[in-house]
Every structure is written in structure tokens, then in C-alpha cells.
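Structure at a glance
Spelled out, the chains give:
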Amino acid sequence: MKLGIVGLPNVGKSTLFNAITRAGAQAANYPFCTIEPNVGVVDVPDSRLDALAEIYHPKQITPAVVEFVDIAGLVRGASKGEGLGNQFLSHIREVDAIVEVVRCFEDDNITHVDGSVNPARDAETIGLELIFADMQTVEKRMGRTGKAAHSGDKKVLDEAEMLKTIYAQLEKGVPARSQEADEEMQALMQDMCLLTLKPVIYAANVSEEDVARHEDEIPFVKKVKEIAAAEHAEVVMVSARIEEEIADMDPEEGKMFLQEMGLEQSGLDRLVAKCYDLLGLISYLTAGEKEVRAWTITRGTRAPQAAGKIHTDFEKGFIRCETVSFDQLIACGSFNAAKEKGFVRSEGKEYVMQDGDVVLFRFNV
């Protein structure tokens, strides 16, 4: 899973990136501090791995991972090449989802590129630049399709009509992900790699003082939630500064710190969980003395394709999988005990994997 962290200059996105990856990306109080995208890989928190480790005592625990890409700050006019617009747009095309950091705190010591804190305006700026970029993409496709339409080919004519519909909606400010589209139109938008088709999560960056408050008690955050609801997007409230502090603590210390703040989870944990849900991702688990590991797959993946995540030979020579739910395995205390109680199932090629399945694949190449 590759997530692009975007936002206007000085909204806290590089600070958040530093915190979640401990990668030390440059963060400073001036625009375009981040030019080339910094990339960091972070573990996906999963308490199930620790529970399995208590049973198997493995030599290694390997969680699923998320790749975060810190993309250069965007400014008004990026779609026309202003600022670092062209680099920004090319980097954002490569990610699975967009984490848009929106500033929801006042601080006289941190300048805002537009002179004042206004999350609605910031979100609109980025949203419009992505829409303008998509309009250019659709225009180019319309030019090619228009020439080919002279042949009278029905498929080409249908595409030309769909392009007009997509463009008209973009012109009204409706992102691709919010447009009503049948399967054919959805495929066309995906083929064009439209930026506004990508799922979006707004990271509402609040002050340390506001982090434990309810979202609806903070006017800035409330506004971001309204914007997200209209765009079929999600919102996670975080404090980049708090996340940065937690990043410098050991796990136990960080846990105590969160409890003192009145928080059950860190902003990162909530962000990753929300991204998984948004992208329709789940994790299945493998466990043994050598390794306990989480594997990320798309919801709806069948057993052979899930096995292929481990090795292509597993998919090619798939025979069956022996699977038990995580909860049942933990309740029984071991795989063999779960088998004796009839909780371990033998599943074939049509089996659709479930989140938390603990699996042993049988294959022959």
C-alpha cells in the first residue's frame, strides 16, 4: 500500500511524515522545503501478531507494511506548472491513496502560504488543482478520440460521449470518485489514471491542546468533515507534533503517554486502519516457529491468489489451504488443539480469504 502525503506548504505534512517513519525528512518554515519526495516504509500495527508469537515463539515477527511518500507542497496554479506543480502531479499518480494534511491549528510562528488558517480554502485549492489536471488529461483523450470518431466505430463514439460526461462533471467541480459512473465509465477513468479518482483521507492536523477533544468540538475539524462527506472522503484527526513526540519514545513509554493524553490509539494507528478500510484491504496471517507474519490482500481475494503473495509457486501449485480464524486459534491455544475441536477448515480454490485467517497453504509444483 503506497500512500501519498500531500498538502499546502507549512501545514505539517513533513512533520507528520517524520513522525510516522522516523525518516528525518527536512521540515522548515518556508515553501517548497520538500522538493523530491521522501519515501518511508512503516510497519502496520497489528496486536494479533504479538498474540500468535506467544503461542509459536518465532525467530521473527514480520508485520504488513505501508509505504508513505512525502510529496512536495502544492500551491495554487500547480496544474499549470506553478511552484513544483509538474513534479507534484507526477508523483501523486504513483500512489494508491492520498493523505491530504490540512492545517487545523493557529500558530503565529508558522507562516501560512495564503496568509491565514482556513482548512476549507486549503482543501479547495488542492481539490481544484487535481481537478484542473484531470480536465487536461480528459481534453487530450477527447482530442485523440475525436479524430478516431470519424470512422463511425460505435466503441469510439461511446467513449467520446463518456469523456464529455466526465469533463462536464469535472468542470462543475465534481471529482472523478464522486461521479455517478457505470462499470464502463469507471474503467475509462481508471485507464486515464485520473488523480481525483484516488481515495482521499484528510488528516486534520490539530494542536497538542486539541488532540484529545472530540472532532465536533473543533470548528476547523468540523469544517473538514463537511468537505470530506461531500467528496466521499474520510477524515482522521492527528497532531503531527504529538506523533513526533511518540516516535522518539519506546513502545511502552508511548503507550503510557497516549493514556495520559486520554487517547486509545496514536494518530498513525487510526490513519493506517482508515486507509486499509478505504482501499478495501485485509490481512491474513501465517504462523510457525520460523516466522509469524501478516500479509496484505484486497478484500475478496481467493485462496490461490493470496498464496501467490508468499510465492508464485504457491499459486501455481495450489492444492488447498488449512485455515482457522485468529480468535478461534487463540481460544484453543494451538493449531493442533483447534484442529482437534474441528475449527481448522480445509478450503479449495474458490475460498475467499477473510481478515484474520491463520493459514497453512498446501501446494505442489
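Okay, so let's go over this structure.

Rules behind the numbers
Residues numbered from 1 in each chain as written. Predicted model: local features only at pLDDT ≥ 70, side-chain atom pairs only at ≥ 80, totals over all residues. Heavy atoms only, no water. Helix = DSSP H or I, 4+ residues; strand = E, 2+ residues; numbered from the N terminus. Buried < 20%, exposed > 50% of the residue type's maximum accessible area, 1.4 Å probe, protein only. Contact = heavy atoms within 4.5 Å. Areas by Shrake-Rupley, 256 points an atom, 1.4 Å probe, with all protein chains shown as cover. Axes fitted to C-alpha atoms, helices over the stretch in contact; angles between N-to-C directions. Parallel < 35°, antiparallel > 145°, perpendicular 65-115°, else oblique. Salt bridge = Lys/Arg side-chain N within 4 Å of Asp/Glu carboxyl O. Core = buried A, V, L, I, M, F, W, Y, C linked by side-chain atoms within 4.5 Å. Polar contact = N/O pair within 3.5 Å; in protein donor to acceptor, adjacent residues only side chain to side chain. Pairing = 2+ DSSP bridges. Phe/Tyr/Trp six-rings, centres within 6.5 Å; stacked < 30°, edge-to-face > 60°.

Quick look at the overall build of the protein now. When helices and strands are tallied, the protein shows 14 helices and 12 strands. When each of the 365 residues of the protein is scored for burial, the buried share is 49%. At a minimum sequence separation of 6, the contacts of the protein that also span at least 24 residues come to 69%. Accessible surface, the protein as shown: approximately 18,100 Å² in total, 48% of it carbon and sulfur.

Two numbers describe how helix 5 (residues 154–171) lies on helix 6 (residues 183–191): the axes approach to 11 Å, and their chain directions differ by 75 degrees. Here helix 5 is positioned roughly perpendicular relative to helix 6, judged by the angle of their axes. Residues E159, M162, L163, T165 and I166 of helix 5 pack against E184, M185, L188 and M189 of helix 6.

All right, on to the pattern of salt bridges then. Taken as a whole and judged by the stated rule, the model has 23 salt bridges. Note that E231 is salt-bridged to R177, the shortest N-O span being 3.2 Å. Of this pair, E231 sits in helix 7 (residues 219–231) while R177 sits in the loop between helix 5 and helix 6; the two residues are 54 residues apart in sequence, bridging distant segments of the chain. Take E231: its relative accessible area is 17%, and that puts it in the buried class. Between E234 and K274 there is a salt bridge whose closest N-O contact spans 3.6 Å. On the criterion of sequence distance, the pair formed by E234 in strand 7 (residues 234–238) and K274 in helix 10 (residues 267–278) is long-range, its members being 40 residues apart. Overall, E234 belongs to the partly exposed group, its relative accessible area being 28%. When salt bridges with common partners are traced through the structure, they connect R320, E322, K339 and R362 into a single cluster.

The next thing to look at is unusual backbone geometry. Even without glycine at this site, H57 takes up a positive phi of about 45 degrees. Mapped onto the elements of the fold, H57 is located in the loop between helix 2 (47–56) and strand 3 (60–62).

Attention now goes to the nonpolar core. By size, the foremost hydrophobic cluster in this structure holds 74 residues, and its most contacted members are L52, V66, F68, I92 and Y202. Leave out the neighbours within four places in its chain, and I92 touches V6, I71, I98, L130, L195 and K198. Counting 15 residues, the second-largest nonpolar core is a separate cluster that includes L163, I166, L188 and L194.

Let us look at the side chain of T62. Here T62 is to be found in strand 3. What makes T62 buried here is its relative accessible area of 16%. Looking at T62, its side chain comes within polar contact range of the side chain of E291, at 2.6 Å. T62 has contacts with L49, E291, V292, R293 and A294, leaving out every residue within four places of it along the chain.

Two strands pair when backbone bridges link them, and strand 10 (residues 318–325) and strand 12 (residues 357–363) are joined in this way by 7 bridges, in the antiparallel orientation. The residue of strand 12 that forms the bridge with R320 is R362. Sheet topology note: the strand 10/strand 11 (residues 345–347) ladder contains 3 bridges and is antiparallel. Looking at the pairing, T323 lines up with R345 of strand 11.

Glancing now at the packing of aromatic side chains. Following the criterion strictly, the structure yields 4 aromatic pairs and no others. Seen from their ring centres, Y284 and F361 are 5.8 Å apart, and the 85 degrees between their planes marks the pair as edge-to-face. Taken together, the positions of Y284 in strand 8 (residues 281–287) and F361 in strand 12 put the pair 77 residues apart, joining distant regions of the chain. Owing to a relative accessible area of 0%, Y284 belongs among the buried residues under this scheme. For F361, a relative accessible area of 9% translates into the label buried. Cluster of aromatic residues (ring-pair linked, three or more members): Y284, W295, F318 and F361.

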